[in-house]
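Secondary and tertiary structure notes
One-letter residues, chain by chain:
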Amino acid sequence: MHSRRSFLRGPLAVTTIAVLGPAALTACSTQAPPSAKSGGGGSLRYGAAAEPDSWDPHAASTAVTGRLLRPVLESLVSVAADGTVRPWLADSWKVTPDGLTYTFTLRTGVTFSDGTAFDAAAVKANFDHIVAPKTASKRAAGLLGPYKESEVIDTHTVAVHLKTPHSSFLQAAGSTFLGLHSPTALRDHSADLASGGKYIVGTGPFTFTSVTPGQQADFQHRADYAWAPSTSTRKGKARVKKITVLLLKEDAARVGALTSGQIDVAEQIPANRLAGLRGQDGLELTRRAIPGAPYTYYFNTARAPFDDLRARQAVRHAIDFAGIVKGIFQGEYQRAWAPLAPTTPGYDSSLAKTWTYSAARAGQLLDDLGYTGRDEAGYRVKDGKRFTVEQPYVKTFVSAQNHTFDVGVQDALKQVGIELKLVPLDSATSMQRTSKGDYDIFAFGWQGSDPSMLRNLYSSEQQFADGGANGSRVRDKRLDTWLDQAKATTGVEQRLELYRKVQRRIVEQAYSVPAYIATMDVAHRDRVSGLRLDVDTNPDFYDIGVA
């Protein structure tokens, strides 16, 4: 995953969003914390926990891309907190009875920040860009689904044709990952989008001005912005005059910057710091459970040892997830039982407590596999070969709490004689290894508010090499049939029941093991108003105000 970054200097310079790295924060820390007055007047400092793997959401895989680019790239529709779809850049839409064509009537008077008019041709250019092989889409293509083509009916009417029904398309159209670039930038500078820069141009209330990779990026607000989504409570330009987003991957640095007054908002507060912040005057917490797939361990079922169900079950029985979750997260998070988090539509609650923590049962399964001996280090061996598995992770993207959790799992497996090697890699090497299937376990969470993500995570057609996220490298005809049926089903309950069947099959076959359910915890100083988290738990920068 490449991380070249730069932002454009837009023509309308009023408000700035900046991303500052640890070096910048260190420089700030030698000064007195800013007073409320010096930080007022619509100026906001925001502490972010990560940065994008790509500045082009059409190519990106990380959720932070959608979080940071939402103020710039807008969508056809807006998804409300209750999951209903509302108008945005599209005033209205119609769907044919066969579910193959979505016809959108677009808003008039909307422009991209480079002056290009927003119209039907712009929508077509963006959707064609997502499916173009050169884009190598990691997330957006899955959301767009079985896209066939976009037809420009007239200037403000576009028909999106699908090859097969895709029941989640309308909701997906509200994601930043299907956000709309200026067609001028797509035409002339598509190769530059992933690195950011002046060619990232949208219709949103902010434009980019500059970025220093890993340090600082500046956005500016548009004085002429006048097309907020229908889910917003206000109209017109953004409320704040300046937003500085400090890129603070280290939890301690992010929390410290908040408590010292160097920033006004800090995202992804770690569980072990929540209790302390709750008791501090002048600070408030906003919490929303994160929908999607919880942090999960995916077994590579395409090679030994995890091509054998008994090996997968042995690992699952060997780990005391409840104890690890309680110990690391101090009661703030819950352990997970299903491939989906409880806040995701279609979550199957019947999967709770469907397996047990049992070192004895894990040992029996290892015996059945032939790993009956022990070496000098206490690890299980078969024909003189140790039971060793590798879990690669990307050094620059793994969070501290996830890495701590991985170490806890490593210790638990050691107790039953399984050696888990945690292998730190850079982004490029990780992509190469996962595409080739050169790993035994891969762990990650997947944020999203629609259960159709299960297709991207478990369909035979969604391998890493295909641009999907099938971490278990599953090729299960039964799963594929249900996932195909769910994609084509328009009945809400029938669709959700198919996804429940998918979850039950995944747990039955132990293709993966869900670990814990996280929440998005955002702490802010009490001078901040209007901070809300959307359906995907991303902050709405447009509505934020500062006293």
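Residues numbered from 1 in each chain as written. Predicted model: local features only at pLDDT ≥ 70, side-chain atom pairs only at ≥ 80, totals over all residues. Heavy atoms only, no water.

1. Some words on the nonpolar core
The nonpolar side chains of a soluble globular protein tend to be buried, and buried together. To be explicit about the condition: By nonpolar core we mean a set of buried residues, namely Ala, Val, Leu, Ile, Met, Phe, Trp, Tyr and Cys, connected to one another through side-chain atoms within 4.5 Å. Categorising residues by exposure relies on relative accessible area from a 1.4 Å probe, with only protein chains included: less than 20% of the type maximum marks a residue as buried, more than 50% marks it as exposed, and the intermediate range marks it as partly exposed. Comment: elements are numbered from the N terminus, with helices defined as DSSP H or I runs of at least four residues and strands as E runs of at least two. Working rule for contacts: check all heavy atoms of both residues, and any pair within 4.5 Å makes them a contact.
If you look at the biggest cluster of nonpolar residues, it comprises 63 residues, and the most contacted ones within it are Leu76, Phe104, Leu106, Phe118 and Phe127. In terms of residues, this core owes the most to one element, helix α3 (residues 120–131), which gives five residues. The residues touching Phe104, leaving out its near neighbours within four places in the chain, are Leu76, Val77, Ala90, Ser92, Trp93, His156, Thr157, Val158, Val160, Phe169 and Leu170. Formed by 43 residues, the second largest nonpolar core is a distinct cluster that contains Phe299, Tyr371, Leu413 and Ile418.

2. Focus: the sheet that holds strand β18 (residues 373–374)
This is how it is decided: Strands are labelled as partners when DSSP assigns at least two bridges between them.
Read from one edge to the other, the open sheet built from three strands follows the order β18-β19-β20, with strand pairing classed as antiparallel. Of all strands in the sheet, those with a lone pairing partner are β18 and β20 (385–386), marking the two edges. Pairing of strand β19 (residues 380–382) with β20, which is carried by two bridges, proceeds in the antiparallel orientation. Note on β20: the bridge partner recorded for Val381 is Arg386.

3. Details of the pairing of strand β6 (residues 90–95)
Bridge analysis of β6 against strand β7 (residues 101–106) gives five bridges, and the strand direction is antiparallel. Along β7, the bridge assignment pairs Lys94 with Thr103. In this antiparallel pair of consecutive strands, β6 and β7, the connection spans five residues, and Gly99 shows a positive phi of 70°.

4. Thoughts on empty space enclosed by the protein
Let me state the cut-off plainly: Cavities and pockets are defined on a 1 Å grid built over the protein atoms alone: a cavity is a set of grid points where a 1.4 Å probe fits but cannot escape, while a pocket is an open set with protein on both sides within 12 Å along at least five of seven lines, and lining residues are those with an atom within 4 Å of any such point. Grid points are joined across faces, edges and corners, and a volume is the space filled by probe spheres set on the points. For this scheme, ten residues count as nonpolar: Ala, Val, Leu, Ile, Met, Phe, Trp, Tyr, Cys and Pro. Four count as charged, namely Asp, Glu, Lys and Arg, and the remainder, Gly too, count as polar.
Counted by the stated rule, this structure contains two cavities of 30 Å³ or more. Counted as a void, the second largest cavity has a volume near 40 Å³. Lining of the second largest cavity is provided by Tyr297, Phe299, Val315, Ile319, Gln391, Val409, Leu413, Leu420, Ile441 and Val513. Contributing elements (two or more residues each) for the lining of the second largest cavity: β16 (292–299) and α12 (400–415). The residue makeup of the lining of the second largest cavity, split by class, is nine nonpolar, one polar and no charged.

5. Thoughts on the sheet that holds strand β17 (residues 334–335)
Strand pairing within a sheet occurs via backbone hydrogen bonds; the two strands may be parallel or antiparallel. One open sheet holds the four strands; their spatial order is β17-β24-β16-β23, and the pairing between them is antiparallel. Looking at the sheet topology across the chains shown, the edges are occupied by β17 and β23 (441–447). As paired strands, β16 and β23 are joined by six bridges and run antiparallel to one another. Residue Phe299 lies in a different strand from β23, and its bridge partner there is Ile441.

6. With respect to the environment of Lys138
The criterion, for reference: In protein, a polar contact means a hydrogen-donor-capable atom and an acceptor-capable atom, both N or O and within 3.5 Å, with residues adjacent in sequence counting only if both atoms are side-chain atoms; elsewhere, any N or O pair within 3.5 Å suffices.
Residue placement: Lys138 occurs in the loop between α3 and α4 (140–144). A residue is classified by how much of its surface remains accessible, and Lys138, at 23% relative accessible area, is partly exposed. For the pair Lys138 and Met453, spaced 315 residues apart in sequence, the C-alpha separation works out to 12 Å. Aside from chain neighbours lying at most four places away, what touches Lys138 is Asp53, His58, Ala59, Ala60, Ser61, Met431, Trp446, Asn456 and Gly467. Within the structure, Lys138 has its side chain in polar contact with the backbone oxygen of Ala59 (distance 3.4 Å).

7. A word on the pairing of strand β25 (residues 519–525)
In regular strands, side chains alternate between the two faces of the sheet. Of all seven residues in β25, six are buried; the element is thus mostly enclosed. The pairing of strand β14 (residues 265–266) with β25 spans two bridges and is antiparallel. Opposite Ala266, over in β25, you have Ala523 as the bridge partner. Inspection of the sheet shows strand β15 (residues 283–289) paired to β25 by seven bridges, in the antiparallel sense. When the bridges of β25 are listed, Thr286 appears paired with Val522.

8. Considering the side chain of Asp406
Condition: In summary, the charge assignment counts Lys and Arg as positive and Asp and Glu as negative, without counting His or the chain termini. Just to be clear on terms, a salt bridge is a Lys or Arg side-chain nitrogen sitting within 4 Å of an Asp or Glu carboxyl oxygen.
Within the element layout of this structure, Asp406 appears in helix α12. As a buried residue without a salt bridge, Asp406 has its nearest oppositely charged side chain in Lys249, at a separation of 12 Å. With residues up to four places along the chain from it excluded, the contact list for Asp406 reads Tyr295, Tyr297, Gln391, Leu420 and Leu422.

9. Quick notes on the confidence of the model for the protein chain
Let me state the cut-off plainly: Residue-level confidence of the predictor is what pLDDT reports, using numbers from 0 through 100.
Summarising the model, the protein chain shows a mean pLDDT of 89, and 92% of its residues fall at 70 or more. Taken as a whole, residues 1–41 scores under 50 in pLDDT and shows 134 contacts with residues more than four places along the chain or in a different chain.

10. Details of helix α9 (residues 309–318)
Most of α9 is tucked away: eight of the ten residues are buried. Those residues of α9 that sit buried are Ala311, Arg312, Gln313, Ala314, Val315, Arg316, His317 and Ala318.

11. Quick word on the pattern of salt bridges
The full count for this structure, using the stated rule, is 28 salt bridges. Between Asp521 and Arg287 there is a salt bridge, with the nearest N and O atoms lying 2.6 Å from each other. Residue Asp521 is located in strand β25, and its partner Arg287 is located in strand β15; the two are separated by 234 residues in the primary sequence. Here Arg500 ties to Glu497 by a salt bridge, and the two come within 3.2 Å at their closest N and O atoms. You can see Arg500 and its partner Glu497 sitting in helix α16 (residues 492–509), three residues apart, about one turn around the helix. The class for Glu497 is partly exposed, based on a relative accessible area of 29%. The structure contains a network of salt bridges with shared partners spanning Arg303, Glu390, Arg433, Asp438 and Asp440.

12. A short note on helix α15 (residues 477–488)
Formally: A helix is expected to reach a length of 1.5 Å times the quantity of its residues less one. What the arc describes is the spread of directions from the helix axis to the C-beta atoms.
With twelve residues, α15 extends 17 Å between its outermost C-alpha atoms, agreeing within 8% with the 16 Å of an ideal straight helix rising 1.5 Å per residue. Looking only at α15, the buried set comprises Leu479, Asp480, Trp482, Leu483, Ala486 and Lys487. Buried residues of α15 fall within an arc of 170° about the axis and therefore sit on the same side. Packed against the buried residues of α15 are α14 (453–458) and α16. If you check the start of α15, you find a side-chain oxygen 2.9 Å away from the backbone N of Arg478, and it comes from Asp476.

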